Amino acid sequence: MSDAFTREPSWAPRLFPPAARAPRAVQTARMLLDPQGYARSLRRRFGPVFSLRTFPYRGALVCAADATANRAVLTDHKRFTGGDAAGLLAPAVGAGSLICTPPPLHLDHRKLLLPPLHGSRITCWTQRVRELVHAELPDLLSGDSVPVRPWAQRLTLDVILRVVFGLTDPSRTATFRQALNAFVGMGNLAVLFLPKPLRHDLGPLSPGGRFQRLRAAVRELTREEIAARRAAPGHAHRDDVLSMLLDARGEHGARLDDAQLLDELTGLVMAGYETTATTIAWTLHLLAHHPAARDALVSDLDAGSDRLLKATVKESGRLRPAVYNAMRTAAHDTELGGHPVPQHAFVAALFPLTHLDPELWPQPDAFRPERHLDTDPVPYSLTPFGGGVRRCIGVSLAQLEIETVLREILAAAVPEPAGPLEPARLVSVTLVPSRGGRVRLRRRRLSPQARL
Ligand code: HEM
């Protein structure tokens, strides 16, 4: 594993934006327990650019918390470069994945991955998502309190395995699902954020040992898919990402080798399913707790419009962005918001803070989808998918999945609260509802077929 995050950097004595004096362990615990509340208190105290001292970062993590700073971090690639800063996730997503690739190679990789994930290639998945929702809907409609996130994870994992590998065999999908759930679940990825000595493989029962074992299982399955597809004739006519990448050529005419393919595909799967499932869970949970917004959305959908649906997904992504932040590294000594930022410092655009800035969003804590109707947000005030040349490459697929799932569920049932509004917790870089986004779904009298 890279030790870039724990190595004492040469710039340690240099100046950073202001930070709280609390010990590193206290700041880390407060971020994990109340990521939005704690970061907002620092923003109120220090302004839109401040530093956090949290594990596993030595020195400080420079944080951007308004639209101006957000824009600079996301788009000023000469000063703030991507790739290296995501190295913390490399053991999980693959060091050679797009997420972890720095420039100039990054653009080359992106060009290879864009065609299979392009909007027009993606619409063909709508029907599959609908079928999956209908197959899985009975689990949600029991009338009991259900956590939506694990339910949605099953669905989005199935979709991403189809899109990335073209998997259709149910038993193979189940094997993948089991391996990925074991790898991503039970706090396994928290290992990445432990101090370095604790990340090592210290035996099968140690967190590091468990992490390595589960990781190897996922990578082995991926390797098998690559080998099977290389051996199979006719992959040129398939539309999954793996088949398209087998024949794709980079800028210099070279094909991707198996090691590159392995990292690229793992990165897509890892980036693509939890984020989407979390957004679905937050949206249904928020709708359950805001009956006026929910009823307006249901009426609008019944009338055949998707204006409020799109606005609702935007509002959910504003209030509870599934990804907490995007990371960059300072390419040289520079400044942000008038504060010094030393070369090599890690810089994070903290989306929840910009999304809750009262100067950009009146009544920022209120869930009001209609605020997105007929208005464009201030540039870089709403960036749940990041921005600049590293903006999420899966945005079309994610939006298609989220909108289709919501449309199908709301045709069949109405979400109601199943307890208090859940606070957000930080799991790796994902902002998740603390109890899985519980709702109770009340069946509607109108069947989905009747509305078609
Ligand atoms: C609601 C669902 C999703 C959310 C909220 C989300 C959010 C994000 C964010 C914030 C970034 C970082 C952007 C930046 O650094 O500026 C990102 C990058 C990325 N996402 Fe997503 N994502 C979602 C779904 C997906 C899906 C479905 C896929 C795969 C098909 C995917 C693949 C990626 C990849 C490969 C990157 C790295 C892009 C690069 O570095 O060039 N994401 N995503």
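Quantities reported herein were computed from a predicted structural model and do not represent experimental measurements.

**Q** What's the story with the sheet that holds strand β3 (residues 80–81) in this structure? I'm lost.
**A** Backbone-to-backbone hydrogen bonds pair the strands of a sheet. The strands run either parallel or antiparallel. With mixed pairing, the five strands of this open sheet are ordered in space as β1-β2-β8-β5-β3. At either margin of the open sheet sits one strand with a lone partner, and together these are β1 (49–52) and β3. Relative to strand β5 (residues 325–330), β3 is paired through two bridges, and the arrangement is antiparallel. Pairing of Thr 81 across the sheet is with Thr 329, part of β5. Against the sheet, helix α2 (residues 35–46) engages β1 and β8 (346–350), with an angle of about 130° to β1. Of the strands in this sheet, β1, β2 (61–64), β3, β5 and β8 touch helix α3 (residues 67–75), which is tilted by about 130° from β8.

**Q** Would you explain the confidence of the model for the protein chain in this entry?
**A** Detailed reading of predicted coordinates is not advised where the pLDDT is low. On average, residues of the protein chain score 90 in pLDDT, and 95% of them are at 70 or above. The low-confidence segment residues 6–12, where pLDDT is below 50, has 14 contacts with residues more than four positions distant or belonging to other chains.

**Q** Help me out: how do you make sense of the coordination of the iron atom of the ligand in this one?
**A** When four donors bind a metal tetrahedrally, each ideal donor-metal-donor angle is 109.5 degrees, and when six bind octahedrally, the ideal angles are 90 or 180 degrees. Donation to the iron atom of the ligand from the protein comes from one atom only, Cys 392 (SG), at 2.3 Å. Position of Cys 392 among the secondary structure elements: in the loop between α17 (351–355) and α18 (395–412).

**Q** For this particular structure, what's the right way to read the environment of Leu 353?
**A** Residue position: Leu 353 is located in helix α17. Residue Leu 353 is classed as buried on the basis of its relative accessible area, which comes to 3%. The spatial distance from the C-alpha of Leu 353 to the C-alpha of Leu 319 is 9.5 Å, given a sequence separation of 34 residues.

**Q** For this particular structure, what's the right way to read the pattern of salt bridges?
**A** Where charged atoms from two side chains of opposite charge come close, those side chains can pair. Counted under the stated rule, the structure contains 27 salt bridges. Between Arg 79 and Glu 335 there is a salt bridge, and its shortest N-O distance comes to 3.8 Å. Remark: Glu 335 occurs in strand β6 (residues 334–336) and Arg 79 occurs in the loop between α3 and β3; sequence separation between them is 256 residues. Given a relative accessible area of 16%, Arg 79 falls into the buried group. Salt-bridge contacts for Asp 240 lead to Arg 229; the nearest nitrogen and oxygen are separated by 2.8 Å. With a gap of 11 residues between them, Asp 240 in the loop between α11 (207–231) and α12 (241–247) and Arg 229 in helix α11 connect regions that are remote in the sequence. Across this residue pair, the class does not change: Asp 240 and Arg 229 are buried. Connected via shared salt-bridge partners are Arg 128, Glu 131, Asp 158 and Arg 162.

Calculation rules
Residues numbered from 1 in each chain as written. Predicted model: local features only at pLDDT ≥ 70, side-chain atom pairs only at ≥ 80, totals over all residues. Heavy atoms only, no water. Pairing = 2+ DSSP bridges. Helix = DSSP H or I, 4+ residues; strand = E, 2+ residues; numbered from the N terminus. Contact = heavy atoms within 4.5 Å. Axes fitted to C-alpha atoms, helices over the stretch in contact; angles between N-to-C directions. pLDDT = per-residue confidence, 0-100. Donors = N, O, S within 2.8 Å, 3.2 Å for Na, K, Ca; no water. Buried < 20%, exposed > 50% of the residue type's maximum accessible area, 1.4 Å probe, protein only. Salt bridge = Lys/Arg side-chain N within 4 Å of Asp/Glu carboxyl O.

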